[in-house]
Amino acid sequence: MNSAIKIKSEHKGALLIVLLLASFFSSMAFADNWSLKDVAGVKYKLADEKGKWVLVNFWAPWCPTCIAELPDLNAINLQRKDLQVIGVAVLYKSKKEVMDVAQAKSVSYPIVMGDEDIASDFGGMQGMPTSFLYSPTGKLIGHHDGPLTQTEIESALEQKPESAGLFTN
Amino acid sequence: MLNQIDEKHGEVSMKNTHANRFQPSLHTAISLTIAVAALFSGSNAFACASCGCTLSTDWGSQGVSTKSGWSGDLSETYINQNQMIYGNSKPSAAFVQSLYANNQEVETSTMTQTTTASINYNGETGGVSLQLPYLHRTHGTNGTTASNPPGTDYGANYSESSASGLGDIRLIGHYNGFSDDKTAGIIFGVKLPTGDYNANFTAGAAANTPLDAGLQLGSGSTDYILGAYTSGTFSTYGWFVQGTVQHSLTGLVNEASGSYRPGDAYLLNSGIRYAGFASMFSPMLQLNLVHREYDSGTAVNNDAFTNSPISGGNLAYLSPGLSVRLGGGTSVYGFVQVPIYQNVGSLQLVPSYIANIGVHQNF
């Protein structure tokens, strides 16, 4: 009787594992299927941005090169109606720390309070800042490690970004 | 470790020269992670020293994150106590026979599966966690009658129990707003007597008589939990140290088997993990040290030779584990706790390993 109880319990445990994994694998997110909520509570999905280039920029408020590129990203976001910049802050101490930097640099594009899980969904990254560019059809063009300037982005968009070499897979 | 990227003259070079700026941020991040981990460090006080959860499971599953908000966790812990030890060594068959001869109960097995659902909220300087355990426990004992032939599982007075139900709910908070880098904090909480503590043996010679207090799904006591933690990084690794004490606020509780009060439980967990930023796989290793005081009350039996309570002990586990990010804020994790030192009060059953798996979801 004791053995029967053990076997039954172990099967129940195994079943639970399978159900858990099946359930949560089904909710997996990937770099081209993200949904980001900004500090104002507005959700941004890649599918909703079709028809626009989308630049997702990961940055940290302690990183000087990240902060240095914010004005350029803000300028191109304001000037080009066919491009949406989304800033994802990571590795911050507090929301205030992030917003103080964003306000000091007059950032007007959406800022998302990100975390390691969100960064992992984009495939991970080797340093800060890192930016991901999506085409107007929602295709991931590639990522860029390091700061970007407005000129570099404009130049890449005027060419075929895939072949411009600024964003790589 | 995540580096700052510097781009000059079209060349991208990875630099770590801003470590002084990076490190505090990572410390901050990990400290919150540890704070949450603290919420999941169980120290259920049961009669047997090796019962209950002794792991900081969430530390690995959370990863480096400073995001505030809600999260949920579902974990399964499997403990099969089927190894007899007396003090710190395996008793000989002759010694076990002498215990029978002196009317000491000899238990044969206790298997516990605990499914714990937790809902957590984390702010920037603290958080709170509600933990709901559901237990399934089977137990077998020969009582004080030796099996024949000696060493076989079932003696003439073999009895067993099987019970499932809600265990003791915990509500635990943490605060880490003492310093700007948030690398240390305190833990405070309460364990409530929500689990059944009046179950009977379900089969065998002792059927329908009260089950031992230490084998019930709940302890019957209201306990406070206090602790502290600190954390840091070196190279691409994060580390933490966390200590908690659990103490019964209630005196002796009248249970069906007699009066009972669980002994205090002291837990010291430390660990390291690979802290590569946003990495999908995070291997980790923990050391879990447990000290449980003797239980007290008339429901607690005493050793036939030393007359000390058959409860309490000192345990050390080495616990390798792995957490995997599945995407969308979902992580799964698994640990195996391997005993490296066990010294218990009198004759007790201990497991050869403890398995723990779980899934964590940030909302």
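Every value quoted in this text rests on a predicted model; they were computed, and no experiment measured them.

K.L.:
Go over the overall build of chain A with me, naming the residues and quoting the values.
P.N.:
Each helix and strand counted, chain A has 6 helices and 8 strands in total. Put simply, chain A runs from its N terminus to its C terminus through helices and strands in the order α-β-β-β-α-β-α-β-α-β-β-β-α-α. Buried residues in chain A amount to 38% of all 169 residues. Considering only contacts within chain A whose residues lie at least 6 apart along the sequence, 70% involve residues at least 24 apart.

K.L.:
A description of unusual backbone geometry should follow, citing residues and the corresponding values.
P.N.:
All names here are of chain A. Residue P129 follows M128 across a cis peptide bond; omega there is -5 degrees. If you trace the backbone, P129 turns up in the loop between β6 (127–128) and β7 (130–134). One non-glycine residue with positive phi stands out, namely S106, at about 55 degrees. On the secondary structure map, S106 appears in the loop between α3 (95–104) and β5 (111–113).

K.L.:
Before we move on, can you summarise the sheet that holds β7 of chain A with the specific residues and values?
P.N.:
Residues and elements named next belong to chain A. Ordered by their spatial adjacency, 5 strands build an open sheet running β5-β4-β3-β7-β8, and the pairing between neighbours is mixed. Edge positions in the sheet fall to β5 and β8 (140–145), since each has one partner strand and no second. Here the strands of the sheet are splayed against their neighbours by 20 degrees on average, with no regard to which way each runs. Here strand β3 (residues 53–59) runs beside β7; their pairing, made up of 5 bridges, is antiparallel. Across the sheet, V54 pairs through a bridge with Y134, a residue of β7.

K.L.:
Which residues make up the environment of M128 of chain A, and what values go with them?
P.N.:
When you line up the elements, M128 of chain A lands in strand β6. When the C-alpha atoms of M128 of chain A and V88 of chain A are compared, they prove to be 11 Å apart, with 40 residues separating the residues in sequence.

K.L.:
An account of the packing of helix α2 (residues 64–79) of chain A against helix α5 (residues 150–158) of chain A is needed here, citing residue identities and associated values.
P.N.:
All names here are of chain A. For the pair α2 and α5, the least separation of the axes is 8 Å and the interaxial angle reads 45 degrees. Comparing their axes, α5 and α2 come out oblique. Every residue of α5 that contacts α2 at D72, A75 and I76 is listed here: Q150, I153 and E154. Across the contact of α2 with α5, the residue classes tally to 3 nonpolar, 1 polar and 2 charged.

K.L.:
Go over the environment of S259 of chain B with me, naming the residues and quoting the values.
P.N.:
Residue and element names in this part refer to chain B. Inspection of the secondary structure puts S259 in strand β13 (residues 258–260). Taking the number of C-beta atoms within 10 Å as the measure of exposure, S259 has 16 and is therefore partly exposed. As for S259 and L249, which are separated by 10 residues in sequence, their C-alpha atoms are 15 Å apart. With sequence-adjacent residues up to four places away left out, S259 is seen in contact with L252, V253, N254, G297, T298 and A299.

K.L.:
Can you break down the pairing of strand β8 (residues 184–191) of chain B residue by residue, with the values?
P.N.:
Residue and element names in this part refer to chain B. With burial as the criterion, only one face of β8 is covered, namely that bearing G185, I187, G189 and K191; the residues A184, I186, F188 and V190 on the opposite face remain uncovered. As judged from the 6 bridges shared by strand β7 (residues 170–175) and β8, these two strands associate in the antiparallel manner. Its bridge partner lying in β8, R170 is registered against K191. Direction of pairing for β8 relative to strand β10 (residues 223–234): antiparallel, over a ladder of 8 bridges. Along β10, the bridge assignment pairs G189 with I225.

K.L.:
Run through the nonpolar core, naming residues and quoting values.
P.N.:
Counting 44 residues, the largest nonpolar core has A60, V88, A89, V90 and A119 of chain A as the members making the most contacts within it. Put simply, the parts of the chain that give this core at least two residues each are β3, α2, β4 (83–89), α3, β5, α4 (116–121), β7 and α5 of chain A. For this core, the element with the highest residue contribution is β3 of chain A, accounting for 6 residues. When residues no more than four places from it in sequence are discounted, the contact partners of V88 of chain A are L36, V56, N57, F58, V112, G114 and I118 of chain A. Counting residues in each nonpolar core, the second largest holds 11 residues, with L99, V106, V253 and A299 of chain B among its members.

K.L.:
Give me the lowdown on the confidence of the model for chain B, citing residues and values where you can.
P.N.:
All names here are of chain B. When pLDDT is averaged along chain B, the result is 81, and 79% of the positions lie at 70 or above. Considering each helix and strand of chain B separately, the mean pLDDT is smallest for strand β2 (residues 11–15), with a value of 30, and largest for strand β6 (residues 159–166), with 95. Taken together, the stretch residues 1–47 has pLDDT below 50 and engages in 155 contacts with residues farther than four places along the chain or on a different chain.

What counts and what doesn't
- Residues numbered from 1 in each chain as written.
- Chains lettered and ligands numbered in written order.
- Predicted model: local features only at pLDDT ≥ 70, side-chain atom pairs only at ≥ 80, totals over all residues.
- Helix = DSSP H or I, 4+ residues; strand = E, 2+ residues; numbered from the N terminus.
- Buried ≥ 20, exposed ≤ 12 C-beta atoms within 10 Å, placed from the backbone.
- Contact = placed C-beta atoms within 7 Å.
- Pairing = 2+ DSSP bridges.
- Axes fitted to C-alpha atoms, helices over the stretch in contact; angles between N-to-C directions.
- Parallel < 35°, antiparallel > 145°, perpendicular 65-115°, else oblique.
- Nonpolar A, V, L, I, M, F, W, Y, C, P; charged D, E, K, R; others polar.
- Core = buried A, V, L, I, M, F, W, Y, C linked by C-beta atoms within 7 Å.
- pLDDT = per-residue confidence, 0-100.

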